[in-house]
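What follows is the residue order along each chain.
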Amino acid sequence: MKSTPVPKSGEKATLEAVHRFNEAFNRHDVDGVMRAMTDDCVFENTLPPPDGERFEGQAQVRGVWERLFRSSPSAVFEAEEVFAAGDRCVVRWLYRWTERDGKPGHIRGVDVCRVRDGKVAEKLSYVKG
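Scoring rules and cut-offs
- Residues numbered from 1 in each chain as written.
- Predicted model: local features only at pLDDT ≥ 70, side-chain atom pairs only at ≥ 80, totals over all residues.
- Heavy atoms only, no water.
- 1 Å grid on protein atoms, 1.4 Å probe; cavity = no way out; pocket = protein on both sides within 12 Å on 5 of 7 lines; lining within 4 Å.
- Points joined across faces, edges and corners; volume = space filled by probe spheres on them.
- Helix = DSSP H or I, 4+ residues; strand = E, 2+ residues; numbered from the N terminus.
- Nonpolar A, V, L, I, M, F, W, Y, C, P; charged D, E, K, R; others polar.
- Contact = heavy atoms within 4.5 Å.
- Disulfide = S-S within 2.5 Å.
- Buried < 20%, exposed > 50% of the residue type's maximum accessible area, 1.4 Å probe, protein only.

**So, the layout of surface pockets**
Sizing a probe to match a water molecule and rolling it over the atoms shows the empty space that remains. Roughly 750 Å³ of internal volume is contained in the largest pocket. The wall of the largest pocket is formed by 28 residues, among which N45, T46, L47, W93 and V127 lie closest to the centre. Elements that contribute at least two residues to the lining of the largest pocket include exactly β1 (37-44), α3 (57-71), β4 (88-98), β5 (104-116) and β6 (119-127). The space that makes up the second largest pocket amounts to roughly 160 Å³. Around the second largest pocket, the lining residues are S71, S72, P73, S74, A75, W97, T98, E99 and R100. Broken down by class, the residue content of the lining of the second largest pocket amounts to three nonpolar, four polar and two charged.

**Concerning the environment of F43**
One can find F43 in strand β1. Put simply, F43 and L124 are 81 residues apart on the chain and 5.8 Å apart in space, counted from C-alpha to C-alpha. For F43, the residues in contact, after removing those within four places along its chain, are E53, R54, F55, V61, V64, W65, K123 and S125.

**With respect to the state of the cysteines**
One pass over the structure, following the stated rule, counts zero disulfides. Looking at C113, it has no disulfide partner, and the nearest cysteine sulfur is the one in C89, 5.7 Å off. We classify C113 as buried; its relative accessible area is 4%.

Shown next as structure tokens:
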């Protein structure tokens, strides 16, 4: 994971919160992901196009992750670049999975996150294509 060199203390805390979230996400650890998010968290999905669907609060967001991890058990999230400015963080990522026919699939995207009190409060996701 790349990040800005020697971030200020605010940016460092933001990067650490997003890193905790990403590690739990990559383990497909729903409980860990939800511990890394605020009670009033917001997730904006990339689907359906063009604007995606918005989920608010622990229960709705948990449901999204449970469905995603169940449908893509071998998926891997790779943070290609991560940088922060205050309580905001941008993650440029690559998401890989295996199709039902065994062929590999992937998509590239960007998350714009907001961190509050050491947890991810917003995760707004955007994809190429």
